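Letter by letter, the chains look like this.
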Amino acid sequence: MFALNLMAQTTEDVFYDAVYFYEEEEDFQEARYLFYEVLSKEPNNANAKYLIGMCYNNIQGEEHKGIPYFIEATHSTASKYKKNKYTEKRAPHHSWFYLAEAYSKTNQMDEALEALNTFKQLKDFSSKYNARITEEAVLAVERAKIIKDAAINIRGLYFNEPINSSSDDYNGVISGDGKMMVWANSKAFYEAVYMSARANNQWGVPELITPQIVSDGNLLPAGLSFDGTSLLLVKSDKRGNTDIWISHYNGTIWGPAKPIEGEINSGSNEDHASFSPDGRTIYFSSDRRGGEGGLDLWYSDRQRDGQWGKPVNMGDQINSDKDETSVFVAPTGERLIFASKGHFNMGGYDIFRCELEENTTWSQPTNIGYPLNTTSDNTFYVPINNGMQALYTRFTNEAIGMRDLWYVEILDAEDFVAEGLTLSVDPPEISQKDFAIILVNNETGEEIEVLYDAATDSFKALAGEKSSYKVISYKQK
């Protein structure tokens, strides 16, 4: 945390420092700490309580901590709220809206609807606030309730250390042949890029490739070619603009990343790109002109000279009037996966899938379902095989860090088969008795015994001395 000599500052100074970290740096942890200092001096400052709640709404995994501050802030609100002014001790009426957001992000849907309805009933709501945005929030909560009620069955296994670490591991991408994986890792002062190669059914020790691709911490993985030798990256400049870069692997080392040649990059933002399985097409997201709104999905075909041709918008069936990004085609070519803030959505970005139809067009997008999708942002579902399995960046408190790389699989009721593993029995329902499941590796014969302890409602995996596994059980309640 950034150290400040709070003893030498007035409460007003601390307040404006907090506003700076919130507005300019978007360092919500530091801003929250400083707003706490203000509140410690002024316990009845409803504005400080509101701003603490706003900080928590922007810290993934801690949104629930802001709810009591929002609730207290709603006890003293004003329609003529003076934003970012120390003299303002009241909270804005918008406290109700952001309280609803906090409830939604923590899966308290009924409470979220109640807060939104209270906001809509304020005396000056119709004249001062955007009714369309508020109604969209109501509809999002109602959609989330529907999606949660139709939860899908999934299996999730997170990668052990050293692939996942105590810091964030994210933007994981995997080659179509399943032999190369690249991802980002948050260091203290920059974002690092790592790779791991798979041999003999095991992932190798991660290798830091940040120096090889010549990154200043501003290159993030986006997509890998089917054979794992071409890596697409997103590069951001000091102004926050983003473009697509590419690096090639010669079997030993990655080459320096360079801007991709052709017409993919523009004066607008290109914030994600991936290859088609045959490598002849790049699918990417851009907010350039000619789209449906915000970030749209586009594709570009490789030309005879090796450059990438004129981008084509994927149309209004795929693109909504909101943002789309994180687009991938399954290695089998039969399924398109992407993230969208539009369509039938729970809130934030949700993962959607489209099926390849007989006329070679993509079907209507379908929400991939809860619990893979949540009311927070969900991106980087990188399909394996036909896309019902994936390398997925997930935010949970169940793994190594907060953001981790997971293998996830959407389960069919009659099929519980993972890559290289065969389950010897059908997956049981949650049981009141202890039971064991034996997983057998088809290639090596290695057995993994998964034990269920009914008393603690927990699983434990037993394997050979040189292997390490952890099991996560998902169940509908």
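Residues numbered from 1 in each chain as written. Predicted model: local features only at pLDDT ≥ 70, side-chain atom pairs only at ≥ 80, totals over all residues. Heavy atoms only, no water.

**Student:** I tried to follow the overall build of the protein on my own but got confused; where do I start?
**Tutor:** In terms of regular secondary structure, the protein is built from 9 helices and 27 strands. Looking at the protein as a whole, 47% of its 477 residues are labelled buried. Put simply, of all contacts in the protein between residues at least 6 apart along the chain, 46% involve residues at least 24 apart. For the protein, the computed accessible surface area is about 23,800 Å², with 47% contributed by carbon and sulfur atoms. (Helix = DSSP H or I, 4+ residues; strand = E, 2+ residues; numbered from the N terminus. Buried < 20%, exposed > 50% of the residue type's maximum accessible area, 1.4 Å probe, protein only. Contact = heavy atoms within 4.5 Å. Areas by Shrake-Rupley, 256 points an atom, 1.4 Å probe, with all protein chains shown as cover.)

**Student:** Teacher, can you tell me more about the sheet that holds strand 22 (residues 389-395) here?
**Tutor:** Within a sheet, adjacent strands bond to each other through the backbone by hydrogen bonds, running parallel or antiparallel. If you trace the 4 strands from one edge of the open sheet to the other, you get 3-23-22-21, paired in antiparallel fashion. Where the open sheet ends on each side, the last strands, each with one partner, are strand 3 (154-158) and strand 21 (381-384). Across the sheet, the mean angle separating the axes of adjacent strands is 30° when strand polarity is ignored. Here 4 bridges tie strand 21 to strand 22, and the two strands are oriented antiparallel to one another. (Pairing = 2+ DSSP bridges. Axes fitted to C-alpha atoms, helices over the stretch in contact; angles between N-to-C directions.)

**Student:** How do you make sense of the side chain of Asn-164 when you look at a structure like this?
**Tutor:** Mapped onto the elements, Asn-164 comes out in the loop between strand 3 and strand 4 (169-174). In this structure the side chain of Asn-164 is engaged in a polar contact, spanning 2.7 Å, whose partner is the backbone oxygen of Phe-159. (Polar contact = N/O pair within 3.5 Å; in protein donor to acceptor, adjacent residues only side chain to side chain.)

**Student:** Can you walk me through helix 1 (residues 11-23) in this structure?
**Tutor:** Quick reminder: α-helices carry 3.6 residues per turn. Residues three or four places apart thus point the same way. Counted at 1.5 Å a residue, the expected span for helix 1 with its 13 residues is 18 Å, and the 18 Å between its end C-alpha atoms agrees. Against helix 2 (28-41) and helix 3 (46-57) lie the buried residues of helix 1. (Expected span 1.5 Å × (residues − 1).)

**Student:** So what exactly am I meant to see when it comes to the nonpolar core here?
**Tutor:** What tends to happen in soluble globular proteins is that the nonpolar side chains get buried as a cluster. Phe-15, Tyr-22, Phe-35, Tyr-50, Leu-99, Leu-116 and Phe-119 are the most contacted members of the largest nonpolar core, which totals 47 residues. When contributions to this core are tallied by element, the ones reaching two or more residues are helix 1, helix 2, helix 3, helix 4 (67-73), helix 5 (95-105), helix 6 (109-120) and helix 8 (131-149). A total of 8 residues in this core trace back to one element, the largest contributor, which is helix 3. If we skip the residues at most four places from it in the chain, Leu-116 touches Phe-97, Ala-100, Thr-134, Ala-137, Val-138 and Val-141. Of all hydrophobic cores here, the second largest spans 29 residues; its members include Met-195, Tyr-249, Phe-328 and Tyr-407. (Core = buried A, V, L, I, M, F, W, Y, C linked by side-chain atoms within 4.5 Å.)

**Student:** Any chance you could explain the sheet that holds strand 12 (residues 258-259) here in plain terms?
**Tutor:** Within the open sheet, the 4 strands sit side by side as 9-10-11-12. Their pairing is antiparallel. Strand pairing shows two members of the sheet lacking a second neighbour, strand 9 (219-224) and strand 12, which therefore form its edges. In this structure, strand 10 (residues 230-236) lies alongside strand 11 (residues 242-248), joined through 7 bridges in antiparallel fashion. When the sheet's bridge partners are listed, Ser-230 is paired in strand 11 with His-248.

**Student:** Just checking my understanding: could you explain the packing of aromatic side chains for this structure?
**Tutor:** Each aromatic ring pair is summarised here by two numbers: the centre-to-centre distance and the angle between the ring planes. Applying the stated criterion to the full structure yields 22 aromatic pairs. A centroid spacing of 6.1 Å and a plane angle of 80° characterise the contact between Tyr-50 and Tyr-81, whose relative ring orientation is edge-to-face. Highlighted residues: Tyr-50 in helix 3 and Tyr-81 in the loop between strand 1 (77-78) and strand 2 (91-92), separated in sequence by 31 residues. Aromatic pair Phe-125 and Tyr-129: ring centres 6.1 Å apart, planes at 25°, arrangement stacked. Under the relative-accessibility criterion, Phe-125 is labelled buried at 7%. (Phe/Tyr/Trp six-rings, centres within 6.5 Å; stacked < 30°, edge-to-face > 60°.)

**Student:** What is the right way to read unusual backbone geometry from this model?
**Tutor:** Among all residues except glycine, the phi angle is most often negative; among peptide bonds, the trans geometry is most common. The omega torsion across Glu-161 and Pro-162 is 15°, close enough to zero to call that bond cis. The residue Pro-162 is located in the loop between strand 3 and strand 4 in this model. Here the bond from Tyr-370 into Pro-371 is cis, since omega is 15°, no more than 30 degrees from zero. Secondary-structure assignment places Pro-371 in the loop between strand 20 (366-367) and strand 21. At Asn-84, a residue that is not glycine, the phi angle is positive and equals roughly 60°.

**Student:** Can you help me understand the environment of Met-181 in this one?
**Tutor:** Note that Met-181 resides in strand 5 (residues 180-186). For Met-181 and Ser-196, which are 15 residues apart along the polypeptide, the C-alpha to C-alpha distance reads 5.3 Å.

**Student:** Where do I start with the pairing of strand 10 in this structure?
**Tutor:** Where a strand is regular, its side chains alternate between the two sheet faces. Along strand 10, 5 of the 7 residues are buried, which leaves the element largely enclosed by surrounding structure. Note that strand 9 and strand 10 share 5 bridges and pair antiparallel. Pairing of Pro-221 across the sheet is with Leu-233, part of strand 10. Between strand 9 and strand 10, which pair antiparallel in sequence order, lie 5 residues; one of them, Gly-228, sits at a positive phi of approximately 75°. Here strand 10 folds back onto strand 11 in antiparallel fashion, the turn holding 5 residues, of which Gly-240 has a positive phi close to 90°.

**Student:** Help me out: how do you make sense of empty space enclosed by the protein in this one?
**Tutor:** The gaps left among the atoms become clear once a water-sized probe is rolled over them. Going through the model one piece at a time under the given rule, you end up with 1 cavity of 30 Å³ or more. Lining the largest cavity are 18 residues, and of these Ile-174, Gly-176, Leu-224, Phe-275 and Val-329 sit closest to its centre. Classifying every residue of the lining of the largest cavity gives 12 nonpolar, 6 polar and no charged. (1 Å grid on protein atoms, 1.4 Å probe; cavity = no way out; pocket = protein on both sides within 12 Å on 5 of 7 lines; lining within 4 Å. Points joined across faces, edges and corners; volume = space filled by probe spheres on them. Nonpolar A, V, L, I, M, F, W, Y, C, P; charged D, E, K, R; others polar.)

**Student:** Help me understand the confidence of the model for the protein in this model?
**Tutor:** Here the protein averages 87 in pLDDT, and 85% of its residues register 70 or above. Every residue in residues 413-433 is under pLDDT 50, and counting partners more than four places away or in other chains gives 38 contacts. Every residue in residues 472-477 is under pLDDT 50, and counting partners more than four places away or in other chains gives 16 contacts. (pLDDT = per-residue confidence, 0-100.)

**Student:** What is the right way to read the packing of helix 5 against helix 6 from this model?
**Tutor:** Each packed pair of helices is defined by two parameters, the angle between the axes and the distance between the axes. Where helix 5 meets helix 6, the axes come as close as 8 Å, and the angle between the chain directions of the two elements is 170°. What the angle tells us is that helix 5 and helix 6 run roughly antiparallel. Contacts between helix 5 and helix 6 involve Trp-96, Phe-97, Leu-99, Ala-100, Tyr-103 and Ser-104 from the former and Met-109, Glu-111, Ala-112, Ala-115, Leu-116, Thr-118 and Phe-119 from the latter. Broken down by class, the residue content of the contact of helix 5 with helix 6 amounts to 10 nonpolar, 2 polar and 1 charged. (Parallel < 35°, antiparallel > 145°, perpendicular 65-115°, else oblique.)

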